[in-house]
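So the chains spell out like this:
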Amino acid sequence: MQFARINDVTIHYQVIGAPADRPVIVFINSLGTDFRIWRDVVVRLAGDFAIILYDKRGHGLSDVGQLPASIEDHATDLAGLLDLLSVKDAVICGLSVGGLIAQSLYQRRPDLVRALILSDTAPKIGTAESWNARIAAVEKNGIGGIVDAIMERWFTPAFRRPENTAYSGYCNMLTRQPVEGYIAACEAIRDADFTEAAKRIAVPTICVVGDQDGSTPPDLVLATAKLIPGARYEVIPDCAHIPCVEQPEALTAIMRAFLTSISPGESSP
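The rules we used
Residues numbered from 1 in each chain as written. Predicted model: local features only at pLDDT ≥ 70, side-chain atom pairs only at ≥ 80, totals over all residues. Heavy atoms only, no water. Helix = DSSP H or I, 4+ residues; strand = E, 2+ residues; numbered from the N terminus. Buried < 20%, exposed > 50% of the residue type's maximum accessible area, 1.4 Å probe, protein only. Contact = heavy atoms within 4.5 Å. pLDDT = per-residue confidence, 0-100. 1 Å grid on protein atoms, 1.4 Å probe; cavity = no way out; pocket = protein on both sides within 12 Å on 5 of 7 lines; lining within 4 Å. Points joined across faces, edges and corners; volume = space filled by probe spheres on them. Nonpolar A, V, L, I, M, F, W, Y, C, P; charged D, E, K, R; others polar. Pairing = 2+ DSSP bridges. Right-handed = clockwise from strand over helix to strand, strands pointing away. Phe/Tyr/Trp six-rings, centres within 6.5 Å; stacked < 30°, edge-to-face > 60°. Axes fitted to C-alpha atoms, helices over the stretch in contact; angles between N-to-C directions. Parallel < 35°, antiparallel > 145°, perpendicular 65-115°, else oblique. Left-handed = near helix turned anticlockwise from the far one by under 90°. UniProt positions renumbered as here; feature names shortened; annotations may be inferred. Core = buried A, V, L, I, M, F, W, Y, C linked by side-chain atoms within 4.5 Å.

Draft legend 1. Inspection of the environment of isoleucine 150 at higher detail. Locating isoleucine 150 in the fold gives a position in helix α5 (residues 147–154). A relative accessible area of 5% means that isoleucine 150 is categorised as buried. Along the sequence, isoleucine 150 and methionine 255 sit 105 residues apart, while their C-alpha atoms lie 26 Å from each other. The residues contacting isoleucine 150, other than those within four sequence positions of it, are Arg134, Leu174 and Tyr182.

Set out below in structure tokens:
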């Protein structure tokens with residue numbers, strides 16, 4: 001395991017190397033998960049791309065850090081990690097809140113961003129009322145009290161079958177996140193709005209969504225793609241909010257096609 005001290009926060013990360021001429025892909029995980037959600041995508045890309053994964057603050061093995069923590073704070077953490085690793089011009093792949101962090105990173109440090117893969121995300125996710133209700137529910141009953149409702153957003157009914165042991169595992173992943181880190185991330189999402197900034201994204205971008213996503217529905221992700229100049233849009237069938245778990249082959253194929261289509265001259269301004 002690899003750890004770094006970034007902005008006075010211990011960050012857990014992993015680097016999977018590749019030949020020096022291969023692009024670097026940075027994966028940012030969703031709310032209530034750690035970077036293990038990317039495993040089935042990473043094993044399909046390893047060797048062809050250098051890969052960086054990390055647990056954002058308040059999740060996985062990373063520190064919670066000082067609270068409150070905004071999306072901009074998360075982006076600053078990632079920028080610090082990439083600077084530490086001497087990485088620039090990377091492909092940033094963010095899922096859900098990870099997509100918000102990716103957008104903020106581009107806004108603050110465009111030199112770090114070669115292209116964006118925005119999975120099941122938007123410039124603004126949910127409403128203040130919906131996030132405040134979730135925060136209140138977690139404060140009252142813990143993360144365990146919202147598991148069923150969250151899983152209905154994360155996964156399709158076909159994945160949520162009782163005999164699917166992976167489903168039980170992802171329930172465990174959610175409930176074992178630090179409560180204070182989960183709440184802080186909910187607050188950060190609630191307060192984030194990159195709608196105007198999205199219109200100024202000038203790197204190759206693709207917006208991807210599961211056709212049954214209950215958190216960021218296809219219409220919302222399509223609207224996001226329409227905001228970003230030249231952005232592409234793909235829907236993954238038989239999938240909800242976490243394609244890297246539920247449909248990793250389809251997501252990997254979309255990523256490969258997108259990355260292959262980017263010419264060497266298309267980079268950040």
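From this point, the narrative continues.
Draft legend 2. Spatial organisation of the side chain of glutamine 177. Tracing the backbone shows glutamine 177 in the loop between α6 (165–175) and α7 (179–191). Residue classification places glutamine 177 among the buried positions, given a relative accessible area of 6%. Among all residues touching glutamine 177, those that are not within four sequence positions of it are Gly32, Thr33, Asp34, His59, Gly60 and Ile143.

Draft legend 3. Spatial organisation of the confidence of the model for the chain. On average, the chain scores 96 in pLDDT, and the residues at 70 or more come to 97%. In this model, residues 265–269 is a region of pLDDT below 50 whose contacts with residues beyond four sequence positions or in other chains number 13 contacts.

Draft legend 4. Fine view of the layout of surface pockets. Each pocket or cavity is described by its volume, and for the largest pocket that value is around 320 Å³. If you go around the largest pocket, you meet 16 residues; those closest to its centre are Trp131, Arg134, Ile150, Arg153 and Ser215. When residues of the lining of the largest pocket are traced back to their parent elements, those giving at least two are α4 (128–141), α5 and α7. For the lining of the largest pocket, the element with the highest residue contribution is α5, accounting for four residues. The class makeup of the residues in the lining of the largest pocket is eight nonpolar, six polar and two charged. Reported here for the second largest pocket is a volume of approximately 240 Å³. Taken together, 12 residues form the lining of the second largest pocket, with Pro23, Phe49, Val91, Arg114 and Leu259 sitting closest to its centre. A breakdown of the residues in the lining of the second largest pocket according to their chemical character gives seven nonpolar, one polar and four charged.

Draft legend 5. Region of interest: the pairing of strand β8 (residues 232–236). Where strand β7 (residues 205–210) lies against β8, five bridges are found, and the strand directions are parallel. By the bridge assignment for β8, isoleucine 206 is matched with arginine 232. Once the chain exits β7 it traverses helix α9 (residues 218–227) before rejoining the sheet at β8, and the crossover so formed is right-handed.

Draft legend 6. Expanded view of the packing of aromatic side chains. Enumeration according to the criterion identifies five aromatic pairs in this entry. When the ring of tryptophan 154 is compared with that of phenylalanine 155, the centres are 6.0 Å apart and the planes differ by 90 degrees; the resulting orientation is edge-to-face. On the accessibility criterion, tryptophan 154 (4% relative accessible area) is buried. The class of phenylalanine 155 is buried, set by a relative accessible area of 1%. Put simply, the rings of Trp154, Phe155, Phe159 and Tyr170 pair up and form one aromatic cluster.

Draft legend 7. How the structure looks around the packing of helix α2 (residues 71–84) against helix α3 (residues 97–108). Between α2 and α3, the least distance of the axes is 8 Å, while the angle of their chain directions is 70 degrees. When the interaxial angle is binned, α2 and α3 end up roughly perpendicular. Remark: the crossing between α2 and α3 carries right-handed chirality. For the pair α2 and α3, contact is made by Ile71, Glu72, His74, Ala75, Thr76, Leu78, Ala79 and Leu82 and by Val97, Leu100, Ile101, Ser104, Leu105 and Arg108, respectively. For the contact of α2 with α3, a count of residues per class yields nine nonpolar, three polar and two charged.

Draft legend 8. Local environment of the UniProt feature "domain: AB hydrolase-1" (unreviewed entry) in the chain. The feature "domain: AB hydrolase-1" (unreviewed entry), as annotated in UniProt, sits at residues 23–247 in this numbering. Here residues 23–247 runs as 43% helix and 15% strand, with 23 Å between its end C-alpha atoms.

Draft legend 9. Fine view of the nonpolar core. One finds Phe27, Trp38 and Ile92 to be the most contacted residues of the largest nonpolar core, which totals 96 residues. When near neighbours in sequence (up to four residues on either side) are disregarded, tryptophan 38 contacts Phe27, Ile28, Asn29, Leu53, Cys93, Leu95, Cys244 and Leu251.

Draft legend 10. Broad picture of unusual backbone geometry. Omega for the peptide link from leucine 67 to proline 68 comes to 0 degrees, which places this bond in the cis form. Locating proline 68 in the fold gives a position in the loop between β4 (50–54) and α2. In this model, aspartate 8 sits at a positive phi of 65 degrees, which is unusual for a non-glycine residue. Assessed through its relative accessible area of 61%, aspartate 8 is described here as exposed. One non-glycine residue, serine 96, adopts positive backbone phi at about 60 degrees.

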